[in-house]
Amino acid sequence: MTKAGGEVPSGELLGDKFRVGLEIGRGGMATVYAAEHVELGKAVAVKLLAAEYATSRTVTERFLREARAAAKIVSPYVCEVYDVGTYSERPFIVMELLEGESLYEHLARVRRLTATAALQITTHVAKGLKKAHQMNIVHRDLKPENIFLTTGEDNLRLTKVVDFGLAKFYEPQQESDNARLTKEGALFGTPAYMSPEQASGKSNVDGRSDLWALGCIVYEMLTGRTVWEIDQGVAMILAQVANAPLPNPRRFHPDLPQAFEDWFKRALARNVDERFPDADTFILELERALSGGYSDSLAPHGPAPVPALGPKTPDVAAQGSTHNVGEPGGGRGPEEAARVGQTQPVGVQKTPVASGASVMNPPSRLGRRQLGVFAGCALGVAVIVGVSSWAGKRTAPDSTLSPAEVGRDAELVSEAQQLLFDEQPKLALEKFQAAFSLGQGKAARSLLTHSSVALDSSRGSCVLRALGHPREFGAISESSKPSALQTDAGLVITWADSEGSEGHVHARAALADPALRRAMPAVNFTPEATRVREPELFAAGEKMGLLYWDFAGSGAGVYVRNVDLIAGVNSAPCLVSSQVPAHPYYPAIAREPDGSFWVVWVEPSRPGVHDLFVRKLSPALVPLTKPVAITGYASSVGDKVHATRPSIQVVGDMLFVAFSLRRTASQQVQLLRVTIRDVLAENGVVPARDAESPGDEDADRFLGDVKRLGPPTGKHDRPTLRCHEPGCFVAWEQVPLGAWLAHLNGDGGAQWSRQVSAGGTRPGMGLGHDGGLVAWYESGEKRVKVAPFTSEALGDPSVVGRVSSVLSQPTPQVVRVLQGPPTLGNDQAWVVGWSGYEAAVEEPFVARVECH
């Protein structure tokens, strides 16, 4: 027999029930193997105590304590234990086999998480701890290594607490043994996450000690740093835990609200009675703290000042999910010496970056001094740094393009995508399944999940014709939603991520073939940017244009530029707005028939007030006007009035702008109609005076007229406006009444307004010559759905994909495309882009649908 990579031969039968496979993890105390229950055929993980510890009763009992503790906790947020046994007089534990990675490994790559991601992880961990604490079980070694990121049923994002090897629990019949194993003065756990009472060696720690550790982990997820300096040895760490002032999280992440700083101080109060009393209160207060004005930007947020995490271990996937003490990059420093040896979380490591999936080298980074030369974009002046044009550079994609991903599993994915495009869905599903079975790749799994739910659902008015994963299959950073544009070269897709960018977030793009397979290495469209948000492609004559906003640094603001798939960029970025760091601009762009453009965005006009501004650009993307304020909202003292998420269209001599108005507890979608003549006069709205009383809107001012859209009840948000010659359509989300769609006449009045889906959220929309397509997330089913519409009717909904969470997802993008099989006509072919979770990381997806 061959060895399984460890001490147990491959194929060995443990306890007459579990056949051993490959070694998947190793620590100072145990080795973990993948295994199979021979009678049930169930995949499991087996954790076997190291031979050198088998003669120690104390270590053996502590090892089995993990099984007893975890087996008592029935929770989807705790790694499940199935059985125990012995092999060659060494105990082993049989537990759930998890696919994914530990939070430690995730943070070693992305360094900081969004508030949404951090809150979801923390909520799951807190729920697992709540179950443990209800049974008088205290983990006592909670840390990122013992938090595992995986997926549950239907590919839902899921976090599990693992490794209860140091857990303390109380059973009357074993009181003497427990006293010996947790005696006063003994130091158990990892110092960087120890509470003061645990660091002092007290044995009477309770669940609030675990919540202290979880508070440290929340800080680390949001700042990219550990709470304490950990490179000076165990004694210094313990001294910091006992006496050092708490660090200020807003010093390292200014975007965090003051409420989070207050929450953090309470979470790590040295007096245990001043902390959060239980996991429920801990999470409730964290949700409130992070909702206090925090703009949840794309992680990572830029280079963290002095990274607290160790360097990433090369080729982690090949080594298994472990970080051995004392190895370079493997642990967190000398404090690991205080740990009782233990294996890392059980799991199958994430797929490594596929060979050949390298990122194209971006053009030279433009320095900030150079940026200042063209940042103002003086009227009538354009600074051009290249002359190449994207149009006509490539021949027809269906005859020349080939998939960029390499490897046998990637080839199977490519074959599946082609089969789906060739209208052979059953064969496509088989190929997706074969690709996942071969390589266990996260991209293969995602495409299998999306295509399965789309093809298994009852058919509506639309049919899934292609499914794409525009980023490299091995990409590991968080990503924004995609934006697509049909060009002569094929479909170009852009998104924002920090892949290969040293912590900076850039807009990257790639070309896709008709089957939506990435056909080239990704190109960096914003090499000089710091933290790009929501890039959007648009046609600019014979060139491609890019609209985006930079969230951080001295270059913050709204920008436009021409971009090229070969050169990357062929014009300098033109600053359209003012420059307010860490401000959510949410820009939108619309084209006039003469080829010029209008850009609308959100900007602070006075304390507590965000107003709308517009600016006209030439066909060459040169500003033709100054920024003009088109709203001027009033606010009472302490009130916040935010116009946000605008969508703009040009109709004749009018600008139509749909937007969400957030005022105190109300939230409404409104439509503003402004004559182009008034904007060109550059006589913007004079800032409004303060309202005389809360809710007084008499002082609100507009350049044009404004109307409320939709029913007066509920909260309205995230409008998408599209217009053509017969009229305009607007889609929006209304709480609690679902997704809505309205058809507007020339004066902005609604010809009709109807509910698209009672459970729909974040509806997005595209418009063609004879109708449009609306896409949304179905909250109850966790599905991405679409439905065609005309000025007279709304078609039946169809499923095109799966989404793990509907609360944090951005609005899907819908684009009409002209290429592909003429089965249903070009006007009825669409590309839908959305963002979904893949192995606990946000990933962009695109789908091609054709509708009746």
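Parameters at a glance
Here the residue numbering is sequential within each chain, running from 1 through the sequence in written order. Predicted model: local features are reported for residues with pLDDT of at least 70 only, side-chain atom pairs are reported and counted for 80 or more only, and whole-chain, interface and lining totals are derived from all residues. Remark: hydrogens and water are excluded; side-chain values derive from all non-hydrogen atoms of the structure. Helix numbers and strand numbers start at the N terminus; a helix is a DSSP run of H or I with at least 4 residues, a strand a run of E with at least 2. By this rule the span expected of a helix is its residue count minus one, scaled by 1.5 Å. Between buried and exposed lies partly exposed: a residue is buried under 20% and exposed over 50% of the maximum accessible area for its type, with that area taken using a 1.4 Å probe on protein chains only. Strands are treated as partners if at least two bridges between them are detected by DSSP. A fitted line through C-alpha atoms serves as each axis, taken over the contacting stretch for helices, and the angle formed by two N-to-C directions is quoted from 0 to 180°. Here, two residues are considered to be in contact whenever any of their heavy atoms come within 4.5 Å of each other. The rule is short: rings of Phe, Tyr and Trp, with Trp giving its six-membered ring, pair when the centres are within 6.5 Å, and they are stacked under 30 degrees, edge-to-face over 60, tilted in between. We call a charge positioned over a ring when the NZ of a Lys or the CZ of an Arg lies within 6 Å of the ring centre and within 35 degrees of the ring normal. As a per-residue measure, pLDDT reflects the predictor's confidence and takes values from 0 up to 100. Salt bridges are counted wherever a side-chain nitrogen of Lys or Arg sits within 4 Å of a carboxyl oxygen of Asp or Glu. The definition of a nonpolar core used throughout is a set of buried Ala, Val, Leu, Ile, Met, Phe, Trp, Tyr and Cys residues joined through side-chain atoms within 4.5 Å. By disulfide we mean two sulfur atoms from cysteines, separated by a distance within 2.5 Å.

Asker: Looking at this model, I keep getting lost on helix H1 (residues 57-72). Mind explaining?
Answerer: Because an α-helix completes one turn every 3.6 residues, residues spaced three or four positions apart along the sequence face the same direction. A rise of 1.5 Å per residue sets the reference length of H1, with its 16 residues, at 22 Å; its end C-alpha atoms lie 22 Å apart and thus fit the reference within 8%. For H1, the set of buried residues is Val59, Thr60, Glu61, Arg62, Phe63, Arg65, Glu66, Ala67, Ala69 and Ala70.

Asker: Hey, could you run me through the pairing of strand E4 (residues 43-49) in this one?
Answerer: Sheet faces and side chains relate simply in a regular strand, where the side chains alternate between the two faces. Taking burial as the measure, the 7 residues of E4 include 6 buried ones, the bulk of the element. Pairing between strand E3 (residues 30-37) and E4: 7 bridges, direction antiparallel. If you follow Ala30 over to E4, its bridge partner there is Leu49. What sits between E3 and E4 in their antiparallel hairpin is a turn of 5 residues, with Gly41 showing a positive phi close to 70°. Strand direction decides the pairing type here: E4 and strand E6 (residues 90-96), joined by 5 bridges, are antiparallel. For Val44, the partnering residue across the bridge sits in E6 and is Glu96.

Asker: Just checking my understanding: could you explain the sheet that holds strand E37 (residues 798-802) for this structure?
Answerer: Within a sheet, neighbouring strands are paired by backbone hydrogen bonds and run either parallel or antiparallel to one another. Spatially, 4 strands are ordered E34-E35-E36-E37 in an open sheet, and the strand pairing comes out antiparallel. Edge positions in the sheet fall to strand E34 (760-767) and E37, since each of these pairs with one other strand and no more. Within this sheet the neighbouring strands show an average axis-to-axis angle of 25°, counted without direction. Both strand E36 (residues 783-789) and E37 contribute to a ladder of 4 bridges, which runs antiparallel. Across the sheet, Val786 pairs through a bridge with Ser798, a residue of E37. Along the sheet, helix H16 (residues 442-456) contacts E36 and E37; its crossing angle with E37, the most-contacted strand, is approximately 160°.

Asker: When you look at the packing of aromatic side chains in this model, what are you seeing that I'm missing?
Answerer: The geometry of an aromatic ring pair is captured by two quantities: the separation of the ring centres and the angle between the planes. By the definition in use, this model includes 16 aromatic pairs. Ring centres 5.6 Å apart and planes at 20° place the aromatic pair Tyr548 and Tyr559 in the stacked group. One end of the pair, Tyr548, is in strand E16 (residues 543-550); the other, Tyr559, is in strand E17 (residues 557-564), with 11 residues separating them in the sequence. Taken individually, Tyr548 and Tyr559 each receive the classification buried, so the pair is uniform in this respect. Put simply, the rings of Phe260, Trp263, Phe276 and Phe282 touch in pairs and so form one group of aromatic residues. Cation over ring: Arg225 sits above Phe252, and NZ or CZ is 4.0 Å from the ring centre.

Asker: How should I be thinking about the confidence of the model for the protein in this particular structure?
Answerer: Interpretation of the predicted coordinates at a detailed level should be avoided for regions scoring low in pLDDT. Residues with a pLDDT of 70 or more make up 79% of the protein, whose mean pLDDT is 78. Put simply, helix H12 (residues 368-374) is where the protein has its lowest mean pLDDT, 24, and strand E20 (residues 588-591) is where it has its highest, 96. Considering only residues more than four positions removed or in separate chains, one finds that residues 1-6, a stretch of pLDDT under 50, has 20 contacts. Low pLDDT, under 50, characterises residues 169-188; the stretch is placed with 48 contacts to residues that sit more than four places away or in other chains.

Asker: Would you mind going over the sheet that holds strand E7 (residues 101-102) with me for this structure?
Answerer: Spatial strand order, E7-E8-E9: 3 strands in an open sheet with antiparallel pairing. Two strands in the sheet have a free side with no partner beyond their single neighbour: E7 and strand E9 (157-161). When E7 meets strand E8 (residues 147-151), the two strands line up antiparallel, connected through 2 bridges. By the bridge assignment for E8, Ser102 is matched with Phe148. Along the sheet face, helix H3 (residues 115-134) touches E8 and E9 and points at about 45° away from the line of E9.

Asker: Just checking my understanding: could you explain the pattern of salt bridges for this structure?
Answerer: Side chains that differ in sign of charge can pair as their charged atoms come close. A complete count under the given rule lists 35 salt bridges for this structure. The residue Lys130 makes a salt bridge to Asp280 at a minimum N-O spacing of 3.0 Å. Taken as a pair, Lys130 in helix H3 and Asp280 in helix H10 (residues 279-290) lie far apart in primary sequence, 150 residues in all. Measuring nitrogen to oxygen at the nearest pair gives 3.7 Å for the salt bridge that ties Arg718 to Asp717. There is no split in this pair, since Arg718 and Asp717 are both buried. Linked by salt bridges that have partners in common, Arg471, Glu472, Asp497, Glu499, Arg508 and Glu843 make up one network.

Asker: Would you explain the nonpolar core in this entry?
Answerer: When a protein is soluble and globular, its nonpolar side chains tend to lie buried together. In this structure, Leu103, Leu113, Leu142, Phe164, Met221, Phe260 and Trp263 are the most contacted members of the largest nonpolar core, which totals 76 residues. The element best represented in this core is helix H6 (residues 207-223), accounting for 10 residues. For Met221, the residues in contact, after removing those within four places along its chain, are Leu103, Leu107, Arg111, Arg112, Leu113, Ala118, Ile121 and Thr122. Within the second largest apolar cluster, 44 residues are counted, among which are Leu547, Ala643, Val674 and Ile676.

Asker: How do you make sense of unusual backbone geometry when you look at a structure like this?
Answerer: Most peptide bonds take the trans form, and the phi angle of most residues other than glycine is negative. Put simply, Val735 and Pro736 share a cis peptide bond, and its omega is 10°. Positive phi, close to 65°, is recorded for Glu423, a residue that is not glycine. Note that Glu423 resides in the loop between helix H14 (408-421) and helix H15 (425-439). Owing to a relative accessible area of 36%, Glu423 belongs among the partly exposed residues under this scheme. Positive phi is not limited to glycine here, since Arg762 has a value of about 50°. With respect to the element layout, Arg762 can be found in strand E34.

Asker: How should the pairing of strand E35 (residues 772-778) be read in this particular structure?
Answerer: Where burial is concerned, most of E35 is hidden: 7 out of the 7 residues are buried. A two-sided burial pattern is seen for E35, the buried positions comprising Gly772, Val774, Trp776 and Glu778 on one face and Leu773, Ala775 and Tyr777 on the other. One ladder, built from 6 bridges, connects E34 with E35; its direction is antiparallel. Across the sheet, the residue bridging to Gly760 is Glu778, located in E35. Where E34 hands over to E35, the hairpin turn is made up of 4 residues, of which Gly771 adopts a positive phi near 155°. Sheet topology places E35 next to E36; 7 bridges connect them, and they run antiparallel. Opposite Gly772, over in E36, you have Phe789 as the bridge partner.

Asker: How do you make sense of the state of the cysteines when you look at a structure like this?
Answerer: What makes a disulfide is a covalent bond joining the sulfur atoms belonging to two cysteines. Counted according to the given criterion, the structure contains 2 disulfides. Here Cys462 engages in a disulfide with Cys851; their sulfurs sit 2.0 Å apart. On the sign convention where negative means left-handed, the S-S torsion of about 105° between Cys462 and Cys851 marks this disulfide as right-handed. Here Cys462 is found in strand E10 (residues 462-468), whereas its partner Cys851 is found in strand E40 (residues 841-851), with 389 residues between them in sequence. Residue pairing for Cys723: its cysteine sulfur links by disulfide to Cys728, the two sulfurs lying 1.9 Å apart. In this structure the cystine formed by Cys723 and Cys728 twists about its S-S bond by roughly 105°; its chirality is therefore right-handed. Here Cys723 matches Cys728 in class, with each residue buried.

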